Amino acid sequence: VPTRHFQFNLEWKKVTRLCHTKQLLTINGKYPGPTIIVNEGDNVQVKVTNRAARNTTIHWHGVRQLRTGWADGPAYITQCPIGTGKTYMYNFTVTDQRGTLLWHAHYSWQRASVYGAFIIYPRMPPPFSAPVQDHIPIIFGEWWNADVDAVENEMMLYGGGPNVSDAYTINGLPGPLYPCSIKDTLIQTVERGKTYLLRIINAALNDELFFAVANHTLTVVEIDSVYTKPFTTSAIMIAPGQTTNVLLTANQIPDGMFVMAARPYLTSVFPFDNSTTIGFLKYNTTKLGREKPPLPPSSLPSNLPSMEDTAFATNFSNQLRSLASTDYPCNVPKEIEKRVITTIGLSLQDCHVNETCKGYRNKRFYASMNNQSFIRPSRSVLESHYLKLNTGYASDFPEKPPNVFNYTGVDPVAENINMNPEFSTRLLEVPFGTKLEIVLQDTNFLNPENHPIHVHGHNFFIVGRGFGNFDVYKDPAGYNLVDPPERNTVAVPVGGWAAIRINADNPGVWFIHCHLEEHTSWGLATGFIVKSGPESSQCLLPPPSDLPPC
Ligand code: C2O
């Protein structure tokens, strides 16, 4: 097995955007971070050296980490943080996976600037017919003029919503619709007649995004490093943590500059960032003078969905299908051994006397699953589990919601639902090989967006989705058990539910959480522990000797 070596240094770097200069946490001084490119089947060794006065960890989002949970990265779930001056080697093999994923810091809100693409070249030629001439990475992020630690701390201290970012970015560039950003605009050259694979990654902290390119259609061929049945669309919807590969053919006559744009998908008019980031596709025959970036365009692509276009988002998600071919079969469990139903959403906590709370109705925002607001333990759960210490966590995550199963309300205070969550570290534990179903029921409280729920260590199959309350008697009859989309992050519809099925075939401890960073900080998380199986090939490997201590 060939080994690929990478050196990642966490270090500060002065970066200017929107005419604000600040110190950013980066990997090797790059913003966004370096791209990792490996071949399917490679052993990957990334040596992370921490040269900043901050703890850190790095997560390889979507990499299965078969038996190598120690290299997964979420702080206090699979490892303790890498301290200042310390080094940790992430050592894992990319088995039976190919396509586009991402890597990012998994400590605090460091993902704001510590993220990059993780690309796996396939062993076999890809199953789509169009010959791809080139690859174009499109990575979305967010830029804050303020210090991101301060934004996070203030949110946790007062329990109010966080200050929104000042710009969305494409490959770290906000584009000309933001103040002082004309020179920070992505201009991607293409050649007429060629077909490109756009590797689209949403690394933004807190927003789902729509993305479109003026005058061009996009053919979706892969999501979260899994091939799909190709379909052509005018735009895509992508949640934080998701990746989408699309084919784009440069087929426009005359040549010109074409706007690519991304804006959030939000279903209400809360004071969220509703701005738009744009870049340009530039046909190579277009003369630009001295490569001068263009002025703001007079219009956005007409195919870019409007901010509240739930119909588009729903229709887009419904078109996603696994390839389910002989070469790439769909291994969705047809039968299940366990079904867990969990609410996901915001919770409110009463404000203590002499405390200022800036959440809804003078209360404090938290978030929860089955009204359990997740607290990270002081030692990693994986270590406690492996060493059989049985401290710091419990394996009794409630398998049903605490309340009557009716979540169409909008006011938790009036309806006394999701009030005063239990702060706990309760995880689900299953034997190796369990065929598991998790129904994620959005509570719809005070929440204007989908919750992108990410599962570590496994892909899952989205067998059903719907609006309103999940009905355990009726809804399973409508599941797709033939070619459901397979991915690692599902955008659970706001005011609705999604049912996912998992083959729990990877021993270890796996974080499950909302990939909106504010919601993870507020506790919208749990985890599941997959016990080792009887065969030696079904056991978690022992911890590496350089695993950081707590
Ligand atoms: Cu991409 Cu647990 O995260």
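If you're wondering where the values come from, they're calculated on a predicted model, not measured in any experiment.

1. Remarks on the overall build of the protein chain
The secondary structure content of the protein chain amounts to five helices and 32 strands. In terms of C-alpha radius of gyration, the protein chain reaches 22 Å, essentially the compact-globule figure of 24 Å for 550 residues. Residues classed as buried in the protein chain amount to 62% of the 550 residues present. Expressed as a percentage of contacts within the protein chain between residues at least 6 apart in sequence, the contacts between residues at least 24 apart total 80%. Counting only carbon and sulfur atoms, one obtains 51% of the accessible surface of the protein chain, whose full area is about 20600 Å². Side chains of the protein chain carry 44 positive and 47 negative charges; the gap between the two charge centres is 5 Å.

2. Considering a nonpolar patch on the surface
A cluster of nonpolar side chains, Y386, L387 and L389, forms an exposed patch at the surface whose accessible area comes to about 240 Å². One can find L387 in the loop between α3 (381-386) and α4 (412-415). On the basis of relative accessibility, which here comes to 44%, the residue L387 falls in the partly exposed class.

3. Structural notes on the layout of surface pockets
Any space left empty among the atoms is revealed by the rolling of a water-sized probe across them. Reported here for the largest pocket is a volume of approximately 570 Å³. Lining the largest pocket are 23 residues, with R64, D96, N331, N459 and E486 sitting closest to its centre. The class makeup of the residues in the lining of the largest pocket is nine nonpolar, eight polar and six charged.

4. Description of the pattern of salt bridges
All chains considered together, the criterion is met by 21 salt bridges. Notably, a salt bridge pairs R98 with E40, separated by 3.0 Å at the nearest N-O pair. A residue pair is termed long-range when its members are at least 10 positions apart, and R98 in the loop between β6 (87-93) and β7 (99-105) and E40 in the loop between β3 (36-39) and β4 (43-50) qualify at 58 residues. Considered together, R98 and E40 belong to a single accessibility category, that of buried residues. Across the pair R426 and D396 runs a salt bridge whose closest N-O atoms are separated by 3.0 Å.

5. Structural notes on the environment of T169
Mapped onto the secondary structure, T169 falls in strand β10 (residues 167-170). According to the relative accessible area criterion, T169 is buried, its value standing at 0%. When the C-alpha atoms of T169 and L281 are compared, they prove to be 16 Å apart, with 112 residues separating the residues in sequence. If we ignore the near neighbours within four places in the chain, the residues touching T169 are Y31, Y115, I139, F140, G141, E142, W143, P174 and T277.

6. Here's the deal with the side chain of N480
Along the polypeptide, N480 turns up in the loop between β27 (460-467) and β28 (486-487). One polar contact links N480 to D483, side chain to side chain, over a distance of 2.8 Å. In contact with N480, not counting residues within four places along its chain, are R321 and V463.

7. As for the state of the cysteines
Applying the stated rule across the entire model yields three disulfides. Covalently, C19 is tied to C180 through a disulfide, its sulfur atoms 1.7 Å apart. Of this pair, C19 sits in the loop between β1 (3-17) and β2 (20-27) while C180 sits in the loop between β10 and β11 (187-190), placing them 161 residues apart in sequence. Exposure remark for C19: the relative accessible area of 53% places this residue in the exposed category. Across the disulfide, C80 is cross-linked to C550 (sulfur-sulfur distance 1.6 Å). Taking the torsion about the S-S bond as the criterion, the C80 to C550 disulfide, at about -85°, is left-handed. Separated by 470 residues along the polypeptide, C80 in the loop between β5 (58-61) and β6 and C550 in the segment after β32 (525-530) bring together distant segments of the chain. Of note for the protein chain: the bonded cysteines, numbered N- to C-terminal, pair according to 1-3, 2-6, 4-5.

8. Remarks on the nonpolar core
Membership of the largest hydrophobic core comes to 59 residues, with the highest contact counts inside it found for I138, F140, L198, I200, F211 and I236. Taken domain by domain, this core gets at least three of its residues from each of domain 1 (1-125) and domain 2 (128-322). Discounting residues that sit within four places of it in the chain, I236 has contacts with I200, L209, F210, F211, L218, V220, T244, V246, F312 and F316. Among the nonpolar cores identified, the runner-up in size contains 42 residues, and W109, M419, V430 and I453 belong to it.

9. Focus: the domain arrangement of the protein chain
Parsing the protein chain into structural domains produces domain 1 (1-125), domain 2 (128-322) and domain 3 (338-538). In this structure, domain 2 and domain 3 have C-alpha centres spaced 28 Å apart. Contact residues are listed per partner, giving 38 residues for domain 2 and 32 residues for domain 3. Here domain 2 and domain 3 share an interface that buries about 2900 Å² over both sides, 51% of which is from carbon and sulfur atoms.

10. Considering the sheet that holds strand β9 (residues 134-143)
Taken in spatial order, the six strands of this open sheet run β10-β9-β12-β17-β14-β15, and their pairing is mixed. Taken across any chain shown, the strands that pair with only one partner, and hence form the sheet edges, are β10 and β15 (226-233). Strand-to-strand twist across the sheet, computed as the mean angle between neighbouring axes with direction ignored, equals 25°. Pairing of β9 with β10 involves four bridges; the strand directions are antiparallel.

11. Overview of helix α2 (residues 310-319)
Note on helix geometry: an α-helix contains 3.6 residues per turn, so any two residues three or four positions apart are oriented the same way. Among the residues of α2, F312, A313, T314, F316 and S317 are the ones counted as buried. On its buried face, α2 sits against β13 (209-213), β14 (218-223), β15, β16 (236-238) and β27.

12. As for the environment of E337
With respect to the helices, strands and loops of the structure, E337 is situated in the loop between α2 and β20 (338-349). Separated by 97 residues in sequence, E337 and T434 place their C-alpha atoms 6.4 Å apart. Of note is the side chain of E337, whose polar atom sits 2.6 Å from the backbone nitrogen of K435.

13. Comments concerning helix α1 (residues 148-158)
Turning to α1, its buried residues are V148, V151, E152 and M155. Looking straight down α1, one finds its buried side chains confined to an arc of 95°; they lie on one side. In this structure, the buried side of α1 is in contact with β2 and α5 (517-521). Note on α1: the residue one or two positions beyond its end, G159, has a positive phi of about 70°.

14. Structural notes on the sheet that holds β11
Spatial ordering of the open sheet is given by β11-β19-β18-β13-β16, a layout of five strands whose pairing is mixed. Looking at which strands have only one partner, the edges of the open sheet turn out to be β11 and β16. On average, each strand axis in the sheet is tilted by 25° relative to the strand beside it, whichever way the strands run. In this structure, strand β18 (residues 257-264) lies alongside strand β19 (residues 277-283), joined through six bridges in antiparallel fashion. Within β19, the position partnered with M257 by the bridge is K282. On the sheet, α2 packs against β13 and β16 and is oriented at approximately 90° with respect to β16.

Reading the values: the criteria
- Residues numbered from 1 in each chain as written.
- Predicted model: local features only at pLDDT ≥ 70, side-chain atom pairs only at ≥ 80, totals over all residues.
- Heavy atoms only, no water.
- Helix = DSSP H or I, 4+ residues; strand = E, 2+ residues; numbered from the N terminus.
- Rg over C-alpha atoms; globule rule 2.2 N^0.38 Å.
- Buried < 20%, exposed > 50% of the residue type's maximum accessible area, 1.4 Å probe, protein only.
- Contact = heavy atoms within 4.5 Å.
- Areas by Shrake-Rupley, 256 points an atom, 1.4 Å probe, with all protein chains shown as cover.
- Lys, Arg positive; Asp, Glu negative; His and termini not counted.
- Charge placed at Lys NZ, Arg CZ, Asp CG, Glu CD.
- Patch = residues over 30% accessible without salt bridge, like charges linked within 9 Å, V, L, I, M, F, W, Y side chains within 5 Å.
- Salt bridge = Lys/Arg side-chain N within 4 Å of Asp/Glu carboxyl O.
- 1 Å grid on protein atoms, 1.4 Å probe; cavity = no way out; pocket = protein on both sides within 12 Å on 5 of 7 lines; lining within 4 Å.
- Points joined across faces, edges and corners; volume = space filled by probe spheres on them.
- Nonpolar A, V, L, I, M, F, W, Y, C, P; charged D, E, K, R; others polar.
- Polar contact = N/O pair within 3.5 Å; in protein donor to acceptor, adjacent residues only side chain to side chain.
- Disulfide = S-S within 2.5 Å.
- Core = buried A, V, L, I, M, F, W, Y, C linked by side-chain atoms within 4.5 Å.
- Domains from an automatic or database assignment.
- Buried area = accessible area lost by both parts, 1.4 Å probe.
- Pairing = 2+ DSSP bridges.
- Axes fitted to C-alpha atoms, helices over the stretch in contact; angles between N-to-C directions.
- Arc of directions from axis to C-beta.

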